[in-house]
Structure formats: C-alpha cells, structure tokens
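Report on the structure
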Amino acid sequence: MAQSEESTLRFWERFHGPNMGYIEEQYELYLEDAELVDPSIKQLFDEYGAPEWRQHDGQSVQVSSAPSAGDVKKLTAAMKLVEAIRRYGNLEADIYPVGRERERKSHLVDPSNYHLTDHDLKNIPADWLWEEAPNHVRNGLDVVIELKKLYSGTITYEYDHVNSDEERQWLLDQIESRKNHLQLSHEEKKQLLERLAQVEGFEDFLQKTFVGQKRFSIEGLEAMVPMLDRIVKYAAEDKIENIMMGMAHRGRLSVLAHVLGKPMDVIFSEFHHSPDKELVPSEGSKGINYGWSGDVKYHFGAVRDVENGDETTTRIIMAHNPSHLEFVNPVVNGFARAAQEDRSERGYSKQDMNKAIPVLIHGDAAFIGEGIVAETLNLSNLPHYTTGGSIHIIANNLVGYTTNQKDGRSTRYASDLAKGFEIPIIHVNADDPVACLSAIKLAYDYRQKFNKDFLIDLVGYRRYGHNEMDEPRATQPTLYKSIDEHPTVATVFAEKLSDEGVVTKDQFTQIKDNIESDLREVYNNMKENEIVAEEPEVPAVLQADIEEIDTSIPLETLRDLNEGLLERPEGFNQFKGLNRILKRRKKALDEGNKADWGAAEALTYASILNDGIPIRLMGQDSERGTFAHRHLVLHDTETGETYCPMHGLKEAKASFDIGNSALSETGVLGFEYGYSIQSPETLVIWEAQFGDFANVAQVIFDQFISSARAKWGDISNMVMLLPHGYEGQGPEHSSARLERYLQLSAENNWIVANVTSTAQFFHLMRRQATLKGSEQARPLILMTPKSLLRNQRIASTAEEFVNGKFESLRNQPNLKVSKKNAKRLLIGSGKVMVDIEQEIERSDEKFEWLRALRLEQIYPFPKKELEKELKQLPNLEEIVWVQEEPRNMGAWSFVSEYLRDLIQENQTLRYVGRPERSSPSVGDPNIHKLEQNQVVQQAINPTIGGESK
C-alpha cells in the first residue's frame, strides 16, 4: 500500500460513532456542491478524499445518528493548532538570552485563536492529533503542552520549507522522538562547564592583559566552542579526513586557541606585535603560515591534526579571512571539494563527500546582508560545486557593528535567506549549552544522511562593542543595559548544575582560578622578544625570473593527442554543425595548415593531461565556450547524453573536470581559488563569460588571489581566462579591465599576459601547469581573444608547438625587420597589434623605419629582453606605446614607468591610443571602427601623431 494511502486510512480511523454519521452527511453535500460544506471540513475532503469506510465497497456503512458538527470542527481546529506549533512555535521560543524579545507571544500558536479551550483539547484523544505521541501524552491539551516544549523552548526548528517529504519526516521524527536531544552524564556536564570556563577565562585574561586591543571576543557566544568540539568528535569517530572551517572575526581567537590548538604563547606574542617565528610553519610546509607582509591576528587561520586513536587522522583547517567577512565561504567550499576528489585517473575526478566537511560560521548581519552568502548557498547542490553539505552556524549577537536588526534586514530572522535553498534551520539559545550541542547533533546527522546544508542560528549577544575599543552603549543603550545585568553562560550553567547537585559553587570558583593561573603562567614564561621593525622580505624564489621551462613536445605525441581528441564512442550522434569545425582540427598539424585557438586549446589541455597533471576548467559557459570555439563537452543529438573528448584520451594520466558554472563570478571564483590552494598539483582554470564580468569578483582578486601569499603564505597556481578586445560591442563587452590587475601587480605576485598566437597560449599554459606545487607557482591573469578566436593571423603551425617556447616579448609577424634603419619602436599588446599587422600588410609602405614588438607578458615586465632589443636599434628616435583601451585604462600607466627608465637622452616616449575616458568604450559600432582605424593609422604613420580624439 502506498504511503499516502496509509496516512489517509489512519486519518479516517480517528472518527467514531456519531461523528462518522455527520462526516457521511457532509460528504454527500460535498459531492453535490463543495461550497455547501463548512470550509474546515471541505479542507478535509480536499486533502483526504472520501471517508475510508466508503472506499471499501462504495457502500455507506450504518452509523449512529445524531451527528456532531461541533466535534468535527473542534478536531480540525486542534489539528490546525498542532501543525501551527510545528511551523510557528519558533515565534514564542525562548531563544534570546537578552533584549526585548525574551518574552514573545504569537497568536498563531494560541489555542484561543482557533476557538479552542483547555476543555475542548482534553476531550480529544492524543493519537488523533499526534500518532507518535509519548505514553504520558494522553489528550489534546497534553499534545499542545508537549509540542510547545519541543518547538518553543531554548531550541526551536524551521523545516516546513524543505520540499522533500522524506527529509521533513526524518526531521520531525528526530525532533519529536527527542532523538537529537543529548542526555549528558554528570561527568560530561562537568566537562562542558569546564570548557565554557576555559573560553570565558581566556577572553577575560586577554581583556585584562591587553587593554584596549581589538580581539572581537566570543563573549556572549561561548557555546560555539563546545559546539565545534562536538563536530570534531563526530567527524573523528566517522574517520572523516578533513574539517574545513571558515569564520568571521567574532570569536576567532577563541576558536583558534581551543578548537585549532593554536598555542597560547603564540596568541599572546601577536598582541605584542612579535609573532613567535619558531611556532609558525615555514614557507611551503603543510601548515598555515604568515607570508611576508603578514596580517592582523584575527585574520589568520590554522591547521590541527586530531589523532583518532588508530592510524587515521582528522585534519582541521581554518582558512585565513580578510575583513570582507563572508567572502571566505566559497573559498572553504573549494577547499572541501578539492579534498574530496581523486584526480589520479582520466575522466571526471571521483568525489567522496565524506573525506571533508565544510563548517562555516557567519555573522548575523553579514549572513543576510552580503550577496556572496546567497551565491555560496546556491552552489551547494550544483554538480561541480556540491560538497555534500556544509554545516552553517550564525554567530548571532543581535546587532551589526552599530546597526540594529530593523535597519539591517527585511526578514524576521537573519537565517531566513536559507529558506530559499530549502536548508533546515535551528534557532538555539546560546545560554543553554546542552541545547546547543543537541543542535549540532541534528545538523551533523542530517548532513551525513542527506548530504545537504544545515543551518544553526546561535542566538546570543556581544559582551562588548563591535571591537573592544568601541563603546556600544551610545547606540544600543537598552540592549547593553540588559547585557550588563546578564551573567555569563558559564555562570548560568554552573548555577543550573549546582541546583542539580552536579558541581558546587566552590568547585566552579576553583575551576576559574585554575584557568586564570595557567594562563598567567604561560604569559609569564614567554620569551622576552625584542620588538624590531623589519622590512618585509619577499622569498628569493619569487624575486628571480621564472626559470627556463621546457614546454616543447614531440610532433608524434601531439599528432596522437589530436587523433585521440577526434575519436567518439561507438554510436555517438554528433551535432552535424560541428563536423566542419572538427574536420579542420584533424588537419591542423599537417604541413601548410595552422591550429586556431579552439584546436590549440584542446591540444594544450591534452598535453598537460599527458604529463599527469589534473585540470579543472569552470566558467559560466565553459563546456562549449561563450564564443562557440571550445566544444569540449559534446551532446548526443538523439539521446542528449554527453561526451568529453578529453576523457577518451588513452594518453591522459589525470582527471579533466570541465563544467558550466552558475551565473556567479564572486562565489564561483572564490570556490576555484580555494580549490587551487587545497590541490596545488591541479591546474585550476576559471573563465569569465566576458572579461569585464570579473569585476563583480573584485574582492576575491583584491583580498585573496593577488595578496594571499604576501599576507598568509597561501600559494595558488590558478589561471583566469578573461576575454578582452575592442570589437565594437560597447562598454560592457570590450575591456577586461586589464589596468586593474596591473595596478595590483607587485612582488611577482602573479603573471598578467595578453597573447597573440595559439602557440604562445600553448607554451604559456604548459609553463603554468609545470609550476604546480612549487615555490615559483603563482596565479596567471590571461586576456583571451573573442573575434581573434577564428582569425588565422593568430593561428600557429605544428612547428611552433613542437619546438617553440613562450616569449614574453615577441616580434611583430609579417614585418620585415631592419634594426639598423629603425627610427620608431612600436610596442603594444593584444588585438590592436593584430589589427596593425593587417593594416601594414595592406599598405604599400615598406616600413623599413619601423620596428614592432608585441608585449605578451605584461607582468612581470620583460625589462631585460626589451633592454637587449633597444641596444640593437642604433638610430632609434622614439618609442611608441599603442593600445586600443583609453589612456587611463589598459597597460599604458603601468608600462610607461618601465619605458621611461629605458629611453636614452635623444629618444622620446609617446602614447598612441584613445584619450582618457570614464567608460571603456563607445556604444556605436561605427564610431568604434572609426576610432580603431585612427589608432592603427597613427601607430604606423611616419609623421608624429598622438592620442585619437
């Protein structure tokens, strides 16, 4: 029998005697005209159909007369009340330790709102309203009282928004059978009290010892530490290899000290601005370190290995986090996904969701206020981004800096955003530590069973201001009056345990004194570190140029890879429109032919896989390519099944993951960055749909990719493909904002390139892949083509792939070189140099007076190579930088400093390009063509010309 049929039968079994007759009569009316029936009874028939006794043989059974409409109405009203308690019991829940909302009432769970009295409820058997009611629950009033204890106590639940019947029923069963309610022994309660006292004592010691210093204390949310302890305990018992944590500032030092095991003397030394270097993992080690320019103490992460009693270990990793608090969320999920995957074989990597669990701790104002949170939640169930569920904890201190809730969100709870993603929610009072641990148990069990996210809204308060230098009583006077009068959670819990006879007040005092004494001893025994200001030192390996790396490949190997890329599974029905494109790729390496961008890119990835290096390529339309050039995931026209040519390569020795991401830049890029940090042996590639869309993810570029190594020592080798070039598509689809990446370029933190041949792409990417896992590794920002994707001028011969190498500075093709006669050195980067090549070819001018170079790697700037070139031009009069971007954009402001250092006394430096503008490009394609032609003509005109007006 189907489950729905069973529930229908059980429902109708609740009706006996006269009530059956009344229901029978009402059903006859319902069949005649549903509007003739009382709405509450109509709802029963709409939901459950005909009374069960009518369904046996279609005949009505004989029942007692004297129907009672009132009884049925009372029953339906009571049923509505019970469901309301499950759904809205949170509105009366005791989840606020302080503040005006401590005493809350809601008419939605008030029996009088349903015209019910205690007498009415007592007359209804308990099992009519709650089938699984405990034995001591005898009637409807008992049901209401018991369910309010479950849904309106110090812990409460919201899960009605979860659409899965199985998940909702599982949650209801866990809650109402009290399976998730922990029953702690006396000894466990003592340990919990001691843990809370340790957290409180640590914060109190910092407050007294380092007066006025920022630490973003956990006080008011101390229960967070034993909650995290409990996650570690469960994960270790289940032999989960990694717990990936991300959290904002609030409580970070306490979590580092107590959960991550960061030594107290290291933390104390950081308050003295003198990190104990002996305790900091070295550059390149498995631990987390400080980079060279460093960061403030409450931004750092840490690593801890927890032994499981046998040969297995659970590693806890807390990610470094800037003051852009929630932006670490996708980074941590990227960590987790990378830790879950096996990339050792060809095809898609193989994921084991139980190898890592992400734990994300949010601020209440930030969770609802920052869009990156929604982006990250949206990734949670996408095939290339799911991690099998994150456990989210909102560290809810009731106020954001100085902003009250009414000014910070449009929803009742900070957690309401999660409802749109069907994430179950628990609200729990931070002053009830046992309830807090019960919340963790349910969250962990749900994650393990359903591999989905779970959210705990840990409701507490903030003992001090946003930081310890801030005075909150000026902006939240009534709230802080309540906080000032409120005892700490350790004190509250100690009193409770004293009443239960578990500990005495003297024992609690002794616990606190011991903690204070231990901390004082650590502090007094610290080495006297002389505080000396030192210049930050970039690692020597980064100060040097990237060493020569052989990126050549035998022609036969390249041919075999190309053949393999064109093979298809038997019976695969390929889209006929692709046949011409792929047929051209087949001949790309033949003599007299060239490989365009699509062919070269496929060969690039295939050759890297042949070297045993895994690849992960993600972006909004990356499987096909925004500009229909890639076609690395093919769709069977008959079945819709997909096939990736990289997966059929016999030569591939590692996985190739390619996928279309969500329409997200910040979340997805943060995820990919995190993946690259956790899996340095993988070539991680993120592609923007158009290069200028990357500016949505500016925080990820600024706070993580460009500066993470200098601040925190994190090494990433990831590649960002940003389509760039002026083709008349208007302000939004022309510029990838090259200038922004160059502005962030320093200390050899990354590579910024704009290549103009497919062989250059091939060798640059192979070089990038070879840097994997080394001290020389760094990210690559690559401007990629749009209209040039199919332009034969950037296509390369097989010889260029086989024997060539990446050239930071490249000769302008098809321009006869006359170094002795050259009076002008024209330098430019990207598509404009291809336009100039085309115009020179059309012209009758011989251009013996012109020498032209393409700057393919803009940063690090190839100063030595250019210097060598200039020495070979004895009659040079001017250096001209040409670009298609406006003067205040593009590379001019960056390269001009290098060029000025190189020019001689008798030489001039000149800019040719568009004038300064606020918008990257004009909107009219005809005006664009006119401007572009003027830029090209001025660059190659022998007379002096300047910026195009």
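Counting starts from 1 at the beginning of each chain's written sequence and moves along it residue by residue. Reporting of local features is limited, given that this is a predicted model, to residues whose pLDDT is at least 70; pairs of side-chain atoms are given and counted only at 80 or more, and all residues count toward the totals for whole chains, interfaces and linings. As a convention, hydrogens and water are excluded, and side-chain values are obtained from all of the structure's heavy atoms.

Attention now goes to the overall build of the protein. Strands are runs of DSSP state E lasting at least 2 residues, helices are runs of H or I lasting at least 4, and numbering of each runs from the N terminus. Looking only at helices and strands, the protein features 34 helices and 24 strands. Its C-alpha atoms put the protein at 115 × 80 × 55 Å along the principal axes. Only protein chains enter the accessibility calculation, which uses a 1.4 Å probe; a residue is then buried when its area is under 20% of its type maximum, exposed when over 50%, and partly exposed in between. Put simply, the protein has 949 residues, and 58% of those count as buried. If you take every contact in the protein between residues at least 6 apart in sequence, the share linking residues at least 24 apart comes to 79%. It only takes one pair of heavy atoms within 4.5 Å for two residues to be counted as in contact.

In summary, the pairing rule links any two rings of Phe, Tyr or Trp, Trp by its six-membered ring, whose centres are within 6.5 Å, and it sorts them by plane angle into stacked for under 30 degrees, edge-to-face for over 60 and tilted for everything else. Under the definition given, this model contains 29 aromatic pairs. Every member of this aromatic cluster is reached through a ring pair, and the members are F205, F210, F268, F271 and Y523. We note K449 situated over the ring of F450; from NZ or CZ to the ring centre the distance is 5.6 Å. Against the face of Y675 rests R616, its NZ or CZ located 4.7 Å from the ring centre. Over a ring means this: the NZ of a Lys or the CZ of an Arg is within 6 Å of the ring centre and within 35 degrees of the ring normal.

Salt-bridge detection follows one rule: a side-chain nitrogen of Lys or Arg within 4 Å of a carboxyl oxygen of Asp or Glu. Throughout the structure, instances matching the rule amount to 55 salt bridges. Note that R86 and E176 form a salt bridge whose closest N and O atoms lie 2.6 Å from each other. In this pair, R86 is assigned in helix α4 (residues 69-88) and E176 in helix α8 (residues 165-176), connecting sequence segments 90 residues apart. Here E176 falls in the buried class, since its relative accessible area comes to 7%. Where E931 meets R914, a salt bridge forms, and the shortest distance between an N and an O atom there is 2.7 Å. Of this pair, E931 sits in helix α34 (residues 925-940) while R914 sits in strand β24 (residues 908-914), placing them 17 residues apart in sequence. There is no split in this pair, since E931 and R914 are both buried.

Time to look at the nonpolar core. Nonpolar cores are built from buried Ala, Val, Leu, Ile, Met, Phe, Trp, Tyr and Cys residues. Side-chain atoms within 4.5 Å join them into one set. Core analysis: the largest hydrophobic core is formed by 122 residues, its most contacted members being L228, M245 and V255. Among the elements that line this core, the one with the most residues is helix α17 (residues 433-450), at 11 residues. Listed in part, the 79 residues of the second largest apolar core include M720, L738, L809 and F861.

The next subject is the sheet that holds strand β2 (residues 242-247). Spatial ordering of the open sheet is given by β1-β9-β10-β8-β7-β2-β4-β3, a layout of eight strands whose pairing is mixed. In this open sheet, the two edge strands, each paired with only one partner strand, are β1 (155-158) and β3 (302-307). Neighbour to neighbour, the strand axes of the sheet diverge by 20° on average, direction disregarded. Strands are labelled as partners when DSSP assigns at least two bridges between them. The pairing of strand β7 (residues 356-363) with strand β8 (residues 391-396) spans five bridges and is classified as parallel. Helix axes are fitted to C-alpha atoms over the stretch in contact, other axes to C-alpha atoms as well, and angles between N-to-C directions run from 0 to 180 degrees.

Let us look at the pairing of β7. In terms of residue burial, β7 counts as a mostly covered element, since eight of its eight residues are buried. Burial along β7 is two-sided: the face carrying A356, P358, L360 and H362 and the face carrying I357, V359, I361 and G363 are both buried. By the bridge criterion, six bridges tie β2 to β7 in an arrangement that is parallel. Looking across to β7, one finds that M245 is bridged to V359.

For helix α20 (residues 505-524), built from 20 residues, the straight-helix expectation of 28 Å at 1.5 Å per residue is met to within 8% by its first-to-last C-alpha distance of 29 Å. Residues of α20 that are buried: F508, I511, I515 and L519. Seen end-on, α20 carries its buried residues on one side only, within an arc spanning 60°. Seen from the buried face of α20, the exposed residues on the opposite side, beyond 90 degrees, are D506 and N524. Packing partners of the buried residues in α20 comprise α9 (186-209), α12 (264-271) and α19 (489-499). Here the expected span of a helix is defined as 1.5 Å times the quantity of residues minus one. Here, the arc refers to the directions that run from the helix axis to the C-beta atoms.

Running from amino to carboxyl end, helix α15 (residues 371-379) crosses helix α25 (residues 666-678) at an angle of 65°, the nearest separation of the two axes being 8 Å. In this view, α15 runs roughly perpendicular relative to α25, as classed from their interaxial angle. The way α15 lies across α25 gives a crossing that is right-handed. In this structure, α15 uses I372, E375 and L379 to contact α25, whose residues at the interface are T666, G667, V668 and F671. Per-class residue counts for the contact of α15 with α25 are four nonpolar, two polar and one charged. Here the word oblique covers every angle except those under 35 degrees (roughly parallel), over 145 (roughly antiparallel) and from 65 to 115 (roughly perpendicular). Left-handed describes a crossing in which the near helix is turned anticlockwise from the far one by less than a right angle; the clockwise case is right-handed. Throughout, the ten residues Ala, Val, Leu, Ile, Met, Phe, Trp, Tyr, Cys and Pro are labelled nonpolar, Asp, Glu, Lys and Arg are labelled charged, and all others, Gly among them, are labelled polar.

Now for the side chain of E158. In this fold, E158 is placed in strand β1. Polar side-chain contacts of E158 include one of 2.6 Å to the side chain of K419. Each residue touching E158, except ones within four places of it in the same chain, is listed here: N90, Y413, D416, K419, P424, I425 and H427. We define a polar contact as two N or O atoms separated by no more than 3.5 Å, with the added condition that, inside protein, one atom must be a possible hydrogen donor and the other a possible acceptor, whereas residues neighbouring each other in sequence contribute only through side-chain atom pairs.

This part covers the packing of α9 against helix α10 (residues 224-237). The N-to-C vectors of α9 and α10 enclose an angle of 125°; their axes lie 9 Å apart at closest approach. Judged by the inter-axis angle, α9 sits oblique to α10. Where α9 abuts α10, its residues L192, R195, L196 and V199 lie against V225, P226 and D229.

So, about the pairing of strand β9 (residues 425-429). Counting buried residues along β9, five of its five residues qualify, which places the element largely inside the surrounding structure. Burial along β9 is two-sided: the residues I425, H427 and N429 and I426 and V428 are all buried. Where β1 and β9 come together, four bridges link them in antiparallel fashion. Its bridge partner lying in β9, E158 is registered against I425. Note that β9 and strand β10 (residues 454-459) share five bridges and pair parallel. Bridging across to β10, I426 finds its partner in I456. If the strands point away from the viewer and the path from the first strand over the helix to the second runs clockwise, then the crossover is right-handed. Handedness of the β9-α17-β10 crossover: right-handed.

Buried residues dominate α12, accounting for seven of its eight residues. On its buried side, α12 packs onto α9, α11 (252-258) and α20.

On to the environment of D621, then. With respect to the helices and strands, the residue D621 is situated in the loop between β11 (615-619) and β12 (634-635). Overall, D621 belongs to the partly exposed group, its relative accessible area being 28%. Considered as a pair, D621 and S661 are 40 residues apart in the sequence and their alpha carbons are 7.2 Å apart. The contacts of D621, once residues within four sequence positions are left out, are T626, N660 and Q689.

With that out of the way, let us pick up the confidence of the model for the protein. Per-residue confidence for the protein gives a mean pLDDT of 90; residues scoring 70 or more make up 93%. Contacts of residues 57-67 to residues separated by more than four positions or lying in other chains number 17 contacts, the stretch itself having pLDDT below 50. Taken as a whole, residues 274-286 scores under 50 in pLDDT and shows 25 contacts with residues more than four places along the chain or in a different chain. Confidence scores labelled pLDDT are given residue by residue by the predictor and lie between 0 and 100.

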